Amino acid sequence: MDDWQELRRECLECRGCGLAETRIHVVFGDGCQTAEVLFVGEGPGQSEDEQGVPFVGKAGQLLDDMLEMIGLNRTKVYIGNTVKCRPPRNRDPLNVEMAACRGWLDRQIELLHPKILVCLGRIAAKELIKEDFRITAEHGKWFVRDGMQMMALYHPSALLRDPMKRPETFEDLKGLQAKIRELCPNTKI
Ligand code: SF4
């Protein structure tokens, strides 16, 4: 069994926090296991919980459209979340839940060695970029953490709620595309 299979097998059995009580599926992650670009969202919603795949509801369709705008798709990137089980009624994950789940994401990052990590929304950016991250002021800006270039986009759910944010996100996507062309020789876009 390879390292990814082993990690997935272990993760699918996790009962490391209270979200294990209410989940249908652990949503491990999806995409290319050699991707140079990793997208990290907040946590699974209802559709993701039902299907066991990240970003498959309406927000997921919008994420697919956003990827396509810059020549990406799920075969060229990897997509994960800060917590792998759905918080009840889609509430924000608790700090204790994110802390319990962090090891799984860290092990995925170790296996992937991504050159670029894109946080989808405020929660992921606060967890991975910096505690005081302000999504309205700092989306699209680049940070270096643990040898990776990191940036945050508005979460697709936020873009569904507020389409006025979409032009800014399109500019952020163009910035991401330029950074991928600069740093990721194996990601053809
Ligand atoms: S959210 Fe993470 S830590 Fe909690 S049970 Fe699910 S996989 Fe385990």
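This structure is a prediction, so every number in the text was calculated from the model and none was measured.

Within strand β6 (residues 148-153), six of the six residues are buried, which leaves it mostly tucked inside the rest of the structure. Burial of β6 is two-sided: the residues Met-148, Met-150 and Ala-152 facing one way and the residues Gln-149, Met-151 and Leu-153 facing the other way are all buried. Note that strand β4 (residues 116-120) and β6 share five bridges and pair parallel. Note on β6: the bridge partner recorded for Ile-116 is Gln-149. As paired elements, strand β5 (residues 143-145) and β6 share three bridges and run antiparallel to each other. Each residue of the ladder has a partner; that of Phe-143, found in β6, is Met-150. Counted between consecutive antiparallel strands, the loop separating β5 from β6 contains two residues, among which Asp-146 sits at a positive phi close to 50°.

Right, let's get into the packing of aromatic side chains. What the rule picks out here adds up to three aromatic pairs. Arranged with centres 5.0 Å apart and planes meeting at 35°, the rings of Trp-4 and Tyr-78 form a pair that is tilted. On the criterion of sequence distance, the pair formed by Trp-4 in helix α1 (residues 3-12) and Tyr-78 in strand β3 (residues 78-81) is long-range, its members being 74 residues apart. A connected cluster of aromatic rings, assembled from ring pairs, spans Trp-4, Phe-28 and Tyr-78. Of note, Lys-165 hangs over the ring of Tyr-154, and the distance from its end group to the ring centre comes to 5.2 Å.

Around the ligand sit Cys-14, Gly-16, Cys-17, Leu-19, Ala-20, Arg-23, Lys-84, Cys-85, Ala-100, Cys-101 and Trp-104, and that is every residue in its neighbourhood. Among the residues forming the shell around the ligand, the class breakdown is eight nonpolar, one polar and two charged.

Here the focus is the pattern of salt bridges. Between side chains of opposite charge, pairing is possible as soon as their charged atoms come close. All told, the structure shown has 16 salt bridges when counted by the stated rule. Sharing partners across several salt bridges, the network here consists of Lys-130, Asp-132, Arg-134 and Glu-138.

Running from N to C, α1 and helix α4 (residues 95-112) point in directions that differ by 175°, and their axes come no closer than 11 Å. Classified by the angle their axes make, α1 and α4 are roughly antiparallel. Two secondary-structure elements touch here, α1 through Asp-3, Trp-4, Leu-7, Glu-10 and Cys-11 and α4 through Trp-104, Arg-107, Gln-108, Leu-111 and Leu-112. A breakdown of the residues in the contact of α1 with α4 according to their chemical character gives six nonpolar, one polar and three charged.

Where burial is concerned, the two faces of β3 agree: the one with Tyr-78 and Gly-80 and the one with Ile-79 and Asn-81 are both buried. Two elements, strand β1 (residues 30-31) and β3, share two bridges in a ladder whose sense is antiparallel. Bridge pairing in β3 places Gly-31 opposite Tyr-78. Here strand β2 (residues 37-41) pairs with β3 via four bridges, running parallel.

Pairing within the open sheet is mixed, and its six strands lie in the order β1-β3-β2-β4-β6-β5. This sheet does not close on itself; its edge strands, each paired only once, are β1 and β5. Inspection of the sheet shows β2 paired to β4 by four bridges, in the parallel sense. Counted as the bridge partner of Val-40 is Cys-119 from β4. Contacts from helix α8 (residues 166-183) reach β2, β4 and β6, with the element oriented near 165° to β6.

Calculation criteria
- Residues numbered from 1 in each chain as written.
- Predicted model: local features only at pLDDT ≥ 70, side-chain atom pairs only at ≥ 80, totals over all residues.
- Heavy atoms only, no water.
- Buried < 20%, exposed > 50% of the residue type's maximum accessible area, 1.4 Å probe, protein only.
- Helix = DSSP H or I, 4+ residues; strand = E, 2+ residues; numbered from the N terminus.
- Pairing = 2+ DSSP bridges.
- Phe/Tyr/Trp six-rings, centres within 6.5 Å; stacked < 30°, edge-to-face > 60°.
- Lys NZ or Arg CZ within 6 Å of the ring centre and 35° of its normal.
- Near = heavy atom within 4 Å.
- Nonpolar A, V, L, I, M, F, W, Y, C, P; charged D, E, K, R; others polar.
- Salt bridge = Lys/Arg side-chain N within 4 Å of Asp/Glu carboxyl O.
- Axes fitted to C-alpha atoms, helices over the stretch in contact; angles between N-to-C directions.
- Parallel < 35°, antiparallel > 145°, perpendicular 65-115°, else oblique.
- Contact = heavy atoms within 4.5 Å.

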